[in-house]
Amino acid sequence: MELKTIVKTINNMLKAKFPDIHKQSTDIQEGFKRPSFFVTIDSNKSGQQNDRITNKKVGIRIYYFPTNEHNCQVELLEMQDSLDELFSNGFMIQDSEDKTYINLDEDGIDFNTTDNVLQALFYVKYMNETDPDADYDYMEELNLNL
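Residues numbered from 1 in each chain as written. Predicted model: local features only at pLDDT ≥ 70, side-chain atom pairs only at ≥ 80, totals over all residues. Heavy atoms only, no water.

This brings us to the confidence of the model for the protein. Taken over all residues, the pLDDT of the protein has a mean of 84, while the share at 70 or more is 83%. Mean pLDDT in the protein bottoms out at strand β2 (residues 36-48), which sits at 85, and peaks at helix α2 (residues 73-87), which reaches 96. (pLDDT = per-residue confidence, 0-100. Helix = DSSP H or I, 4+ residues; strand = E, 2+ residues; numbered from the N terminus.)

It is worth spelling out the pairing of strand β6 (residues 117-129) at this point. As a general feature of sheets, a regular strand has side chains that alternate between the two faces. Where strand β3 (residues 53-65) meets β6, 12 bridges bridge the pair, whose relative direction is antiparallel. Bridge pairing links K56 to Y126 in β6. In the sheet, strand β5 (residues 99-114) pairs with β6 via eight bridges, with the strands oriented antiparallel. By the bridge assignment, N112 is partnered in β6 with Q119. (Pairing = 2+ DSSP bridges.)

Counted at 1.5 Å a residue, the expected span for helix α1 (residues 3-17) with its 15 residues is 21 Å, and the 21 Å between its end C-alpha atoms agrees. Within α1, burial applies to T5, I6, V7, T9, I10, M13 and L14. (Expected span 1.5 Å × (residues − 1). Buried < 20%, exposed > 50% of the residue type's maximum accessible area, 1.4 Å probe, protein only.)

Another aspect to go through is the packing of aromatic side chains. The tally for this structure, following the rule as stated, stands at seven aromatic pairs. Seen from their ring centres, F37 and Y64 are 5.2 Å apart, and the 45° between their planes marks the pair as tilted. You can see F37 sitting in strand β2 and its partner Y64 sitting in strand β3, a full 27 residues away along the chain. Of the two residues examined, F37 and Y64, each falls in the buried class. Here the aromatic rings of F87 and F91 are separated by 5.9 Å at their centres, their planes lie at 80°, and the arrangement is edge-to-face. Side by side, F87 and F91 carry an identical accessibility label, which is buried. What links up through ring pairs into an aromatic cluster is the set F18, F37 and Y64. In this structure, K57 packs its charged tip against the face of Y123, placed 5.1 Å from the ring centre. (Phe/Tyr/Trp six-rings, centres within 6.5 Å; stacked < 30°, edge-to-face > 60°. Lys NZ or Arg CZ within 6 Å of the ring centre and 35° of its normal.)

Here is the structure:
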């Protein structure tokens, strides 16, 4: 599974639940529309489980820019509840090959408000597995040509 597939799925989930809220697709600049979301990868950790499986842990950060940047306390609290409801139980990723259910890690969603911008941070865990039928060269099958 690719990171862009995860981000695309999250953006699609936000679009479905909040169709009237703009989604920023590039870094936020002056003069953007409000309210809006911006989704980014916060961190990306991977570790090898065995020769075919890689464990991944990816941090997803969702920024929510409220309608009014100065009078927004209630709006931010309502959005926090809505995002918690949308993502706290994990979600399904559909890529070109198959469907994968993504769980959040044990810490759940961390909400933080800075400069009247809501930030939701959560980590997703999944495994990438190479094709078990792939043609591998194993050490005992290699021919030594001297």
